[in-house]
Structure formats: C-alpha cells, structure tokens
Amino acid sequence: MPSSEFRVLSPTAILGYGFPAASFEAGVDRRPDLIAVDAGSTDPGPYYLGSGKPFTNRAFVKRDLRYMLVAGRKLGVPVVIGTAGGSGAAPHLAWCRTIIEEIAREEGLSFRMAVIPSDVPKSVVRAALAAGKIESLPYVPPLTEEALEGTTNLVAQIGLEPVMAALGEGVDVVLAGRCYDPVNFAALPALRGYDEALALHMGKILECGAIAATPGSGADCAFATLSGDAFVLEALNPLRKFTVESAAAHTLYEKSDPYHLPGPGGVLDLSACSFEELGGGAVAVRGSRHVPTIPYKVKLEGARPVGFRTVCVAGVRDPILIASIEEVLEAVRTQVRSMGGGENGELHFHVYGRNGVMGDAEPMTAAGMPGATIREAPYELGIVIEAVAASQDEADTLASVTRSTLLHYGYRGRISTAGNLAFPFSPSDTPMGKVYEFSVYHLMELEDPENFPSREGRETVTFNKGRIEG
Amino acid sequence: MKTKLRLIDAARVIRSKNSGPYELTLDVLFADRKTYELFRDRRLIDPPLVAGLYGVAEGEVSVVWFEPANAVKATLRRRLPSGAPGDSDIYGAQQHGPLLGLEWEL
C-alpha cells in the first residue's frame, strides 16, 4: 500500500453537463493525480444506445474536455474518460474521439491516448447463451436469439482490468467505451497499489460529480483524496460541502441495495462502511470491501429498433370533455381501429393533468389506492398522442387519424361543437423517427476480463503538438 | 392519545429514480436518527404498502433500511422498461408522488 495520498478531480456528473471554471481551477490547484469523468448512462433510455447517438451536447462535451485535457497536460497526469458519447458503443466512441482530436489540434497538445472499445460481437454472446453463461437481471426477460439479432449496438460494462492495462502502459489519456462508472476513477489508484474497494467506492461517489455534496449539483466538481485506509471527499465550490448524510445518502442513489453494489467481477460491500465528518465540508469514508464474484461477470447492454414513432401534442380546456376524457379516448381508439387505422400499430395517450406521469399506477385516478385524495377535476389537460408502428408512414397515419378523430369526436353532453383540441403547433404532428427498446440487459460470464471484449480493437494514438503520428 | 404521523413531515428527501431500465427505486431520507428508528422499528414502510401504492405484486418489492443515511429504500419492478412505447417517465424521477400522501395514526 503506497504511503502517499492519491488525489482525484471529478469535474462533472456526466461529460457535457458542464462545471464552473472556478471549481475546476480550484481542483487543479490541489494538484490531482488523476482527472476522470463518466461520460454516460443508461438513464436517458434505449434510443441513444440503439441509434448510436449521444444524449449530451457536442459543444459542451468539447468545452468540458478542453478543460480536462489542457489541465491534464499541464499537470502531467492522466485523464480518463469512460462510457464515451453517452452509451459507449463504437459510434459514440468515434464521436468523442473526433472531439478530442479537434481539441488536441486547436490547443497543440502532445499526448498518448488509449482507445478501448467495449462492443461485444454477437457471436460471443450467442456462444455464451448456448453455453448457459448468460443470466437475466431482475425483471429482464431471458435473452433470445431474436432479440440479439435485432440489436444494433451491444456493449459490455467493462471493469478495471482493461483500463488498468492501458494506464500501465503509460498512456496520458484513456478513452473507453461502456465502462462500469467507478472504473474511470479507480483504475489508476488500483494500478498504483491502493485498496481496490476504497478506490471503487470513491469512484462510485465521484462519478456523479458534486451530486453527492449538499446542495448537490450534477454540473459541478468533486475532489477526493485516497490514502491507505480511507478516502476523503470535498467539494470545490464554496457553496457546497460533503456531509456524512450527503455522502451516505448518495450510496442509495440509483441502486437497488445500498449495502451491496454489484459491478464487473465483484460486489462492493458497504455493510461495514463508516462515514466521518472532518470539518470544512470534508467527509472521510472507511471500511468499504470488495468481494470478487467467481466466475467473473460483466453486464451487457443492447438496444434494438421496435418501430417508428409519431406524436401529437394538444390541450383540452372544456370541463365536460375533461370529466369524461378516459371514456372519450377509449371511444376514439375504437373508432380509429374500426376505420382500419394503425392495425399493426400501438396507440398511447399520455394525459397530463390526469395520469400522464404515472399512468395506470396513478393513485389519484385509481380508486381505493392508499394515498388517494379527492380533489376537483383539473381545469385543463395536456394530451400527447403517441403512435408507434412498423414504418414512419404508418405511425404518421395512426397519429393523424387519431388526432382528427379526437378533434371532432361527438362525445355525450358536448356543447363545444367546433373542435375538442387546442394545438400549440402547426404542424400538429411530429414524426420522431425510430423507437428503440433495451433488448439486452444481462450478465455474461467471461474468462479474461483484461482482454475482453477484444484486444484487436484497442489502439494507442500519439498526438504531437496536436498532430496524429503514425 | 393518537397522533398523526405524515411522511412528508418526517422525511427530508423523498425521491424516485431508475435503478437500471427495469427497476424503479424509491428513497426516503428521514429528518433524523430518531425518526428513522421510529419508522424502522415499527416497519411503517414495507413491501405490502409499496406494492399497494404502485400496483405491483408484493414479491416485486424489496425494502432495505439504511442507517448510515437514516433512510429506507424500496425497489420495485417498473411497469414498463425505461423507454418502451407507452412509458411515461424514462428516468423514473417523478414516481415518488404517492409517498407524499402517506400518513399513520400512532
């Protein structure tokens, strides 16, 4: 175990979310040994993974990266970026790589960069499936050949090993595909002999930037100092601080079980963890443990197209229609079907002001549910007509016919006979393009995590005053 | 004498979020250790309650009490996986509403 401290600067919760320059500079002044960032998430839904598009803004990804790369070169310390482009598949990695190349050119930077793809060939997953080495996560249907076949992008959340291997070769920048979020922060200290469990737990908190501080922010920096038996968390903005409660509460965030956080090859066991306030907005964390799982498992993520979507947004301000909206929408649905509209499509009404946010689980509309209270009907509703069909044309047709049918539907008690909907826009209908769903969200066993998914796809790129060599 | 205990008064944070695309997780961070212990010792939040509130089966809800944060976490099956056609809350960040109305007579 090294006797010195290891300092890490996490600029933001997700690359492209931004951070105050003053916070970042304060972090750089503390002379970090590593600047690292998580660049993605599955939270924005399956579209981004499936389509290969980023969910973050290019200009802001470039802005954030420019600060990081320039500071990394100035300090002479590694910069690690994981889950490039938001979902970490090949097109996302290429997108982020181009941005780095632009910055290197514009700033005349010299560095060596390892590029680590995390795309998993379908043949590998197919073989694992046949060998019984694929496991469903809770509520995820078993993986099928059909789901695998339709999947457009398939990645694995890689663990520490490939990133450690790249850093072990002395590169200055690591650009990785889909990565277990804490890996970006934990790989370098783990390589230098720091406790893996503490490093991963530190990464688990740092990957969200200042979200774990109070007041929390996804667009501000966090700083951690790792030593032999603890890591200390600090905010870099005088507006924020870490408290025992904020640090401990973050352990709950987006997790199913706060004591056991499963990741590639092991489980972070926090049941013996302690949090201590050191004053000045700093919190020390101790006692994290990492329990390897044998065999080694990684999480696979894949998405596939399931059709095309068209939406139409409209408002209703008529109390008579509002009172019978459910019944009217069902009647419209039936009439559209009877006219042959969208026979193979799916039609959903999102009724804001009623149950647009919670759907069927909305207790205010489901009688007899605890927590339900009686209140007056809303004076207006927002309706989103969502049509999903096999082609954009069919989705457009279903949305259009539903819109026109609802607009002029003669419901019982109607006194407003000119039209039932207020459209904020012309055109009223918006084709949304392809709709994706998660098609793979499973664990896969593997033998050699360091060389997974493959050694061949990895590259080391050398920049000399901004120019790519070789 | 009976007193009314409302969750909205007892908690500092009540939130919901995806835990992956197939699960929704609800966090309640209580105001202090004493309140946490009151809720935990009486198991005022348990799988049947959450299952009833969210219209899922009891077996689809897990509840974990987490003392370091004076918190309780309930994780349940999402009605639809995140982003599936018809899903209404991709991030799952606005599903906490039903918890705000919870109250008990003690």
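Since the structure is predicted, the reported quantities are computational estimates derived from the model, not experimental observations.

Residues and elements named next belong to chain A. Read from one edge to the other, the open sheet built from 11 strands follows the order β12-β13-β9-β8-β1-β2-β3-β7-β4-β19-β20, with strand pairing classed as mixed. In this open sheet, the two edge strands, each paired with only one partner strand, are β12 (274-279) and β20 (467-469). Shown here is a sheet whose adjacent strand axes are inclined to one another by a mean of 25 degrees, direction ignored. Together, β3 (79-82), β4 (111-116), β7 (173-176), β19 (459-464) and β20 form the strand contacts of helix α4 (residues 90-107), whose direction differs from that of β4 by roughly 175 degrees.

Moving on to the side chain of S23(A). Position of S23(A) relative to the elements: it lies in helix α1 (residues 21-29). Ignoring sequence-local partners within four residues, the contact set of S23(A) consists of D220(A), C221(A), L236(A) and N237(A).

With that settled, consider the sheet that holds strand β14 (residues 289-292) of chain A. Residue and element names in this part refer to chain A. Strand order in the open sheet formed by 3 strands is β10-β11-β14, with antiparallel pairing between adjacent strands. Two strands lie at the open edges of the sheet, namely β10 (260-263) and β14, each paired on one side alone. Ignoring strand direction, the axes of neighbouring strands in this sheet form an average angle of 25 degrees. Across 4 bridges, strand β11 (residues 266-269) lies against β14 in antiparallel orientation. Across the sheet, residue V267 finds its bridge partner in β14, namely V291. Running over the sheet, helix α9 (residues 196-206) touches β10, β11 and β14 and is turned about 110 degrees from β14.

To continue, consider the interface of chain B and chain A. With 44 residues of chain B in contact, the opposing surface of chain A contributes 42 residues. Of all residues in chain B, Y22(B), F66(B) and P85(B) bury the most surface against chain A, accounting for 20% of the area lost on that side. In this structure, the connection of chain B to chain A is made through 2 salt bridges. K17(B) is paired through a salt bridge with D43(A); the nearest N and O atoms lie 2.8 Å apart. Where chain B packs against chain A, one counts 16 residue pairs in polar contact (both at pLDDT 80 or more). If you list the elements that add at least two residues to the side of chain B that touches chain A, you get β2 (11-18), β3 (23-30), α3 (47-54), β4 (61-66) and β5 (71-77) of chain B. Considering every element that reaches the side of chain B that touches chain A, the biggest residue donor is β5(B), with 5 residues.

To continue, consider the environment of A199(A). All names here are of chain A. Structurally, A199 can be placed in helix α9. Between the alpha carbons of A199 and V183 there is a distance of 8.7 Å; along the sequence they are 16 residues apart. Among all residues touching A199, those that are not within four sequence positions of it are A186, P189 and L226.

Attention shifts here to the confidence of the model for chain B. Residue and element names in this part refer to chain B. For chain B, per-residue confidence averages 95 on the pLDDT scale, and 100% of positions sit at 70 or higher. Between the elements of chain B, mean pLDDT differs from a low of 94, seen in helix α4 (residues 97-100), to a high of 97, seen in helix α2 (residues 33-41). Across the interface, the model reports ipTM at 0.92; the global pTM reads 0.94.

A separate point is the packing of helix α3 (residues 58-75) of chain A against α4(A). All names here are of chain A. Remark: α3 packs on α4, axes separated minimally by 10 Å, with the N-to-C direction vectors making an angle of 55 degrees. Here α3 lies oblique to α4, going by the angle between them. Handedness of the crossing formed by α3 with α4: right-handed. Seen from α3, the contacting residues are R58, V61, K62, L65, R66, L69 and V70; seen from α4, they are W95, C96, T98, I99, I100, E102, I103, E106 and E107. Among the residues forming the contact of α3 with α4, the class breakdown is 9 nonpolar, 1 polar and 6 charged.

This next bit is on the pattern of salt bridges. All names here are of chain A. One pass over the full model with this rule turns up 40 salt bridges over all chains. A salt bridge links K297 to E135, with the nearest nitrogen and oxygen atoms 2.8 Å apart. Of the two residues, K297 sits in strand β15 (residues 296-316) while E135 sits in strand β5 (residues 134-136), which places them 162 residues apart along the sequence. Because the salt bridges share partners, they merge into one network encompassing R58, K62, R66, E102, E106 and E107.

Turning next to α4(A). All names here are of chain A. Here α4 is 18 residues long and its end C-alpha atoms lie 26 Å apart, about the 26 Å a rise of 1.5 Å per residue gives. All of the buried residues in α4 are H92, L93, W95, C96, R97, I99, I100, E101, E102, I103 and A104. Count one or two residues on from α4 and you reach G108, which has phi positive near 60 degrees.

With that settled, consider the pairing of strand β2 (residues 34-38) of chain A. Residues and elements named next belong to chain A. Within β2, 5 of the 5 residues are buried, which leaves it mostly tucked inside the rest of the structure. Of the two faces of β2, the one carrying L34, A36 and D38 and the one carrying I35 and V37 are both buried. The pairing of strand β1 (residues 6-10) with β2 spans 2 bridges and is classified as parallel. By the bridge assignment, L9 is partnered in β2 with I35. A crossover links β1 with its parallel partner β2, the connecting element being α1, and its sense is right-handed. Here β2 runs beside β3; their pairing, made up of 4 bridges, is parallel. Across the sheet, residue I35 finds its bridge partner in β3, namely V79.

Residue and element names in this part refer to chain B. The complete set of buried residues in α2 reads T35, Y36, F39 and R40. Summarising the axial view, the buried residues of α2 lie within an arc of 130 degrees, below the 170-degree limit, and thus occupy one face. Projecting away from the buried face of α2 at angles above 90 degrees are the exposed residues K34 and D41. Among the structural elements, β1 (4-6), α1 (7-10), β3, β4, β5 and β6 (103-105) are those in contact with the buried residues of α2.

On to the state of the cysteines, then. Overall, the coordinates contain 0 disulfides over all chains when judged by the stated rule. Here C208(A) stays free of any disulfide, with the sulfur of C221(A) as its closest cysteine sulfur at 14 Å.

What counts and what doesn't
- Residues numbered from 1 in each chain as written.
- Chains lettered and ligands numbered in written order.
- Predicted model: local features only at pLDDT ≥ 70, side-chain atom pairs only at ≥ 80, totals over all residues.
- Heavy atoms only, no water.
- Pairing = 2+ DSSP bridges.
- Helix = DSSP H or I, 4+ residues; strand = E, 2+ residues; numbered from the N terminus.
- Axes fitted to C-alpha atoms, helices over the stretch in contact; angles between N-to-C directions.
- Contact = heavy atoms within 4.5 Å.
- Buried area = accessible area lost by both parts, 1.4 Å probe.
- Salt bridge = Lys/Arg side-chain N within 4 Å of Asp/Glu carboxyl O.
- Polar contact = N/O pair within 3.5 Å; in protein donor to acceptor, adjacent residues only side chain to side chain.
- pLDDT = per-residue confidence, 0-100.
- Parallel < 35°, antiparallel > 145°, perpendicular 65-115°, else oblique.
- Left-handed = near helix turned anticlockwise from the far one by under 90°.
- Nonpolar A, V, L, I, M, F, W, Y, C, P; charged D, E, K, R; others polar.
- Expected span 1.5 Å × (residues − 1).
- Buried < 20%, exposed > 50% of the residue type's maximum accessible area, 1.4 Å probe, protein only.
- Right-handed = clockwise from strand over helix to strand, strands pointing away.
- Arc of directions from axis to C-beta.
- Disulfide = S-S within 2.5 Å.

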